[in-house]
Amino acid sequence: MNIRYLHTMVRVLDLDKTMEFFRLLGLEETRRMDNDKGRFSLVFMAPPGQPECPVELTWNWDGDDGLPSDSRHFGHLAYRVGNIYEICQKLQDAGVTINRPPRDGHMAFVRSPDNVSIELLQEGDALPPQEPWASMENTGHW
């Protein structure tokens, strides 16, 4: 049996806002398809140099009444980051809520504008605990 990972698809309510969120994480647009007949757009975004690991953002032009819901039927997207404190600070400065702060210097969770759970994992060993993260409480859920 031959199998190859292709992508993770998530439906989005506001394509521009969601793309900006993923750009904050460091992802870049790698491919786009606009379908006039089906009235939808597919935008693929991936970390630099990793086009084989995209997230597909599916945007229905006429809206999607089910979004954003709190259904977590697929779990979450996970990204390894060079410095978890720096990326969390960057996201927080841009108005993103850090749902599970990186108190342990290893793991954090945030949510996209469409309520998609995103896990951030520190590359290599956990960083030493650092304020304000070490004493920050969880916000919401992830």
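Residues numbered from 1 in each chain as written. Predicted model: local features only at pLDDT ≥ 70, side-chain atom pairs only at ≥ 80, totals over all residues. Heavy atoms only, no water.

Before we move on, can you summarise helix H2 (residues 84-93) with the specific residues and values?
Among the residues of H2, Ile-84, Tyr-85, Ile-87, Cys-88 and Leu-91 are the ones counted as buried. For H2, the angular spread of the buried residues around the axis is 165 degrees, confining them to a single face. Facing away from the buried side of H2 by over 90 degrees, the exposed positions are Glu-86 and Asp-93. Packing partners of the buried residues in H2 comprise helix H1 (15-25), strand E5 (77-81), strand E6 (98-100), strand E7 (107-111) and strand E8 (117-122). A side-chain oxygen of the first residue of H2 lies 3.0 Å from the backbone nitrogen of Tyr-85; this N-cap is Asn-83. The positive-phi residue at the C-terminal boundary of H2 is Gly-95, with phi of around 95 degrees. (Buried < 20%, exposed > 50% of the residue type's maximum accessible area, 1.4 Å probe, protein only. Helix = DSSP H or I, 4+ residues; strand = E, 2+ residues; numbered from the N terminus. Arc of directions from axis to C-beta. Contact = heavy atoms within 4.5 Å. Polar contact = N/O pair within 3.5 Å; in protein donor to acceptor, adjacent residues only side chain to side chain.)

Outline the pairing of E7, supporting the account with residue identities and numerical values.
Among the 5 residues that make up E7, 4 are buried, leaving the element largely enclosed by the rest of the structure. Relative to E7, E6 runs antiparallel, the two being bridged by 2 bridges. Across the sheet, residue Arg-100 finds its bridge partner in E7, namely Phe-109. Here E7 folds back onto E8, and the loop between the two strands holds 5 residues, one of which, Asn-115, carries a positive phi near 75 degrees. (Pairing = 2+ DSSP bridges.)

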